[in-house]
Amino acid sequence: MPSDEVLAFQRWYEKAGVRRTPRRLLRPGEDLDRYSFFPRHLIPHMEHPRVLKDPELARYLEAQYLFQWLNFTAHFEVGVVNRATHLISTGRAGIECPPDVQQGAFQIYVDEGYHSLYSLDMVRQLEARSGIDAVPYDFDEYLDGLDAVGHDYPGHGRLVQLLQVVTFETLVTGILLDVPKDPTLIPEVREIVQDHAVDEGTHHAYFSAFFKRLWGTLSVSERQMVARWLPDLILRSLKPATTPTANALRAVGTPEAEIREIIGDSFSPAAVVGGIRRSSVNTVRLFASMGILDDAQTHDAFARAGLAPEEQ
Ligand SMILES: [Fe+2]
Ligand SMILES: [Fe+2]
């Protein structure tokens, strides 16, 4: 009987995007001006009056938002997801895993490597075709923030890395849902996001089951410690990146005061938490289904973060 984690991987060799899909190439001669780069309703600063009044700036920021999301994806998959799948697949996760669970982690490792590859491939193709250069992207700021959770508990580094991945891989962001359906977007961008969303459905099933396995190995005191980290892991996983937006505005000569104004108005704390809450519904539901939020202090920690289930 296969382990719960790998039921969704039964036909990986036929269904995984890396095995099944061709390289997504922009059609020769395709005019990108007919399409949008990214859904504007998913870009926090796109509704700002200073952006709206300048269509050329809006188009540039739309392209840069796509570039930064693809660059983020390329870094995150190999830097965070595969840091943990490497541990699981090579039997170094710190918990007993059956061989098929290890093999499933190797399959995810391959999937994520391919997601990174085609994300960067699409950035390069779009730069060449559009003539818009991607603003240099720095992943370290995000990674440092994510790795800061649990930092006060040395000796639990591997556990934190596993939890980062369980959290992120069970989130459902609007990007994976909305981009494939939007006919106004560049077709090949829609295709890679659709390819990605299919694989992530499998990963979601794997990590939901893996979290239950992991949780089952923890002592009562470890469970209390871990439960308090979870809201922060969700917030830091989904915290919108303002630095790439500021860098994009700076690259076209926007004055610093105006950059601060656009960022401050567009990324208000209430709007940011609202977006995070929507994307984390499934993850919080998973934790709640396991009784994790029945503990009053844990529930309070989720409520303080604006993530309690009754607020979803
Ligand atoms: Fe992925
Ligand atoms: Fe994934």
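The rules behind each value
Residues numbered from 1 in each chain as written. Chains lettered and ligands numbered in written order. Predicted model: local features only at pLDDT ≥ 70, side-chain atom pairs only at ≥ 80, totals over all residues. Heavy atoms only, no water. Donors = N, O, S within 2.8 Å, 3.2 Å for Na, K, Ca; no water. Tetrahedral: all angles 85-135°; square planar, octahedral: opposite > 155°, others 65-115°. Helix = DSSP H or I, 4+ residues; strand = E, 2+ residues; numbered from the N terminus. Buried < 20%, exposed > 50% of the residue type's maximum accessible area, 1.4 Å probe, protein only. Phe/Tyr/Trp six-rings, centres within 6.5 Å; stacked < 30°, edge-to-face > 60°. Axes fitted to C-alpha atoms, helices over the stretch in contact; angles between N-to-C directions. Parallel < 35°, antiparallel > 145°, perpendicular 65-115°, else oblique. Left-handed = near helix turned anticlockwise from the far one by under 90°. Contact = heavy atoms within 4.5 Å. Nonpolar A, V, L, I, M, F, W, Y, C, P; charged D, E, K, R; others polar.

1. Looking at the coordination of the iron ion (ligand 2)
Thinking step 1. The coordination sphere of the iron ion (ligand 2) contains the protein donors Glu112 (OE), Glu169 (OE), Glu169 (OE), Glu200 (OE), Glu200 (OE) and His203 (ND1), at a distance range of 2.0 to 2.8 Å.
Thinking step 2. Each of the 6 donor atoms bound to the iron ion (ligand 2) contributes to angles spanning 51 to 161°, and the resulting shape is irregular.
Thinking step 3. In primary sequence terms, the donor set of the iron ion (ligand 2) follows E-x56-E-x30-E-x2-H.
Thinking step 4. A separation of 3.4 Å is found between the iron ion (ligand 2) and the iron ion (ligand 1), both of which receive a donor from Glu112. With a gap of 91 residues between them, Glu112 in helix 5 (residues 99–130) and His203 in helix 9 (residues 187–216) connect regions that are remote in the sequence.
Thinking step 5. Residue His203 is classed as buried on the basis of its relative accessible area, which comes to 0%.

2. Here we look at the packing of aromatic side chains
Given two aromatic rings, one states the distance between the centres and the angle between the planes to describe the pair.
Thinking step 1. In this structure the tally under the stated criterion is 20 aromatic pairs.
Thinking step 2. Aromatic pair Trp12 and Tyr13: ring centres 5.0 Å apart, planes at 85°, arrangement edge-to-face.
Thinking step 3. Taking relative accessible area as the criterion, Tyr13 reaches 45% and is therefore assigned partly exposed.
Thinking step 4. Ring plane angle 80° and centroid distance 5.0 Å describe the contact between Tyr114 and Tyr118, whose orientation is recorded as edge-to-face. With Tyr114 and Tyr118 both in helix 5 and 4 residues apart, the pair spans about one turn of that helix.
Thinking step 5. Using a relative accessible area of 15% as the deciding quantity, one classes Tyr114 as buried.
Thinking step 6. Residue classification places Tyr118 among the buried residues on the basis of a relative accessible area of 7%.
Thinking step 7. In textbook terms, an aromatic cluster arises when at least three aromatic residues are bridged by ring pairs, as seen for Phe72, Phe76, Phe139, Tyr142 and Phe168.

3. Here we look at the packing of helix 4 (residues 55–89) against helix 9
Thinking step 1. Interaxial distance between helix 4 and helix 9 falls to 14 Å at its minimum, and their mutual angle equals 30°. Looking at the two axes, helix 4 sits roughly parallel to helix 9. Judged by the sense of rotation from one axis to the other, the crossing of helix 4 with helix 9 is left-handed. Within the contact between the two elements, helix 4 uses Leu66, Trp69, Leu70, Thr73, Glu77, Thr85 and Ile88 and helix 9 uses Val189, Ile192, Val193, His196, Glu200, Tyr206, Phe207 and Phe210.
Thinking step 2. Looking at the contact of helix 4 with helix 9 residue by residue, the class counts come to 10 nonpolar, 3 polar and 2 charged.

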